[in-house]
Each structure stands twice: as structure tokens, then as C-alpha cells.
Amino acid sequence: MSKGWIGEFREFAIKGNVVDLAVGVIIGTAFGKIVSSLVADIVMPSIGILIGGVHYEDLYLEVGDARIQYGRFIENVIDFVVIALVIFWMVKLINHFRRKAQSEPEKAPPPRDVQLLEEIRDLLKNRTKS
């Protein structure tokens, strides 16, 4: 008997990858807001002060009835670059730890005959002490 589409959807939605993806999107959205605030409220005003008090959000070009706000575009480009840079460093850090964990050899248990010899040795030690 086949599951209905509701059962299939429930199975799909409960899988770890979907939940991980949802958490990633939520955290990514919050992180994007933080970076946008950093760029808009700290970086861009600082750059504006350094170049003579220019406010980037005020930079625009009027062509006929159209208003091209290239200042906001510059701000969004810087926003993107900061987010991309942080993601790059996070992925680099994660890959570093992943490679480190993979390069550490797992200590394999000794072969069965060595284990038996160690047990015999321990038994003999205990018998001679008694």
C-alpha cells in the first residue's frame, strides 16, 4: 500500500537535510541583516567621512524622469562583498577542522591474537600475586 502524498511530504519534511536547510536559511537571513546594518550604519558612513562627508544613499543620477541611485548600489555591493568574505572564511575554517579530523588516524583495536596474549599475561600476573 502506498503512502499518500501527505505521508511522503511528512517524511520529506522531517528528514535532517530539510531541517538543516531551514535552520541555515533562518540563520543566514539574520546574519544578512547584521551585515547589512554593519555596512549601512558603520562602514558606509565611515567611508563617507573619509571622503569628505558624502552620504552614499544621497548619490544618484537623474536621467529624464528616472532617478538612478548608484549610491545604494555601491552600498549593496559592499554588503555582498562583506557577506561573501565572511562565508569564505567560515567555509575555510570548517574545511580546516574537517581535514584535521580526517587526517587523525583512528586507533584500530589490536588483532585478536594480541588481545588474547594480553589477557593471558594479565591472568598470569594476577595468579603470581595471589
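A quick note: this is a predicted structure, and the numbers were derived from the prediction, not measured.

What counts, and at which threshold
Residues numbered from 1 in each chain as written. Predicted model: local features only at pLDDT ≥ 70, side-chain atom pairs only at ≥ 80, totals over all residues. Heavy atoms only, no water. Helix = DSSP H or I, 4+ residues; strand = E, 2+ residues; numbered from the N terminus. Rg over C-alpha atoms; globule rule 2.2 N^0.38 Å. Buried < 20%, exposed > 50% of the residue type's maximum accessible area, 1.4 Å probe, protein only. Contact = heavy atoms within 4.5 Å. Lys, Arg positive; Asp, Glu negative; His and termini not counted. Charge placed at Lys NZ, Arg CZ, Asp CG, Glu CD. Expected span 1.5 Å × (residues − 1). Salt bridge = Lys/Arg side-chain N within 4 Å of Asp/Glu carboxyl O. Patch = residues over 30% accessible without salt bridge, like charges linked within 9 Å, V, L, I, M, F, W, Y side chains within 5 Å. Areas by Shrake-Rupley, 256 points an atom, 1.4 Å probe, with all protein chains shown as cover.

1. Structural notes on the overall build of the chain
Per the secondary structure count, the chain includes 4 helices and 2 strands. When the helices and strands of the chain are listed from N to C terminus, the series reads α-α-β-β-α-α. Taken over C-alpha atoms, the radius of gyration comes to 30 Å for the chain, far larger than the 14 Å a tight globule of 130 residues would show. Within the chain, buried positions represent 8% of all 130 residues. Across the chain, every contact between residues at least 6 apart in sequence was considered, and the portion connecting residues at least 24 apart equals 41%. Across the chain, the 16 positively charged side chains and the 16 negatively charged ones have centroids separated by 14 Å.

2. A few points about helix 3 (residues 70-103)
Here helix 3 spans 49 Å end to end across 34 residues, near enough to the 50 Å set by a 1.5 Å rise per residue. Along helix 3, the positions that sit buried rather than exposed are Gly71, Glu75 and Asp79.

3. Some points on the environment of Gly64
Among the secondary structure elements, Gly64 is positioned in the loop between strand 1 (61-63) and strand 2 (66-68). Gly64 gets classed as exposed once you look at its relative accessible area, which sits at 66%. Spatially, the C-alpha atom of Gly64 lies 50 Å from that of Asn17, the residues being 47 residues apart in sequence.

4. Description of the side chain of Glu75
Within the secondary structure layout, Glu75 lies in helix 3. With no salt bridge to any partner, buried Glu75 finds its closest opposite charge in Arg72, at an N-O distance of 6.7 Å. Not counting the four nearest positions on each side in its chain, Glu75 is found in contact with Val39, Ala40 and Met44.

5. Describing the pattern of salt bridges
Applying the stated rule across the entire model yields 1 salt bridge. Of the charged contacts, one joins Asp122 and Arg121 as a salt bridge, the two residues approaching to 3.2 Å between their closest N and O atoms. Take Arg121: its relative accessible area is 43%, and that puts it in the partly exposed class.

6. Some words on a nonpolar patch on the surface
Together, Leu61, Val63, Ile68, Tyr70, Phe73, Val77, Phe80 and Val81 give the surface a local cluster of nonpolar side chains, amounting to about 780 Å² of exposed area. Elements supplying a minimum of two residues to the nonpolar patch: strand 1 and helix 3. By residue number, the principal contributor to the nonpolar patch is helix 3, which donates 5 residues. For Leu61, the location among the structural elements is in strand 1. By relative accessible area, Leu61 is classed as partly exposed at 47%.

Don't take any of this as a statement about function, it's just geometry.
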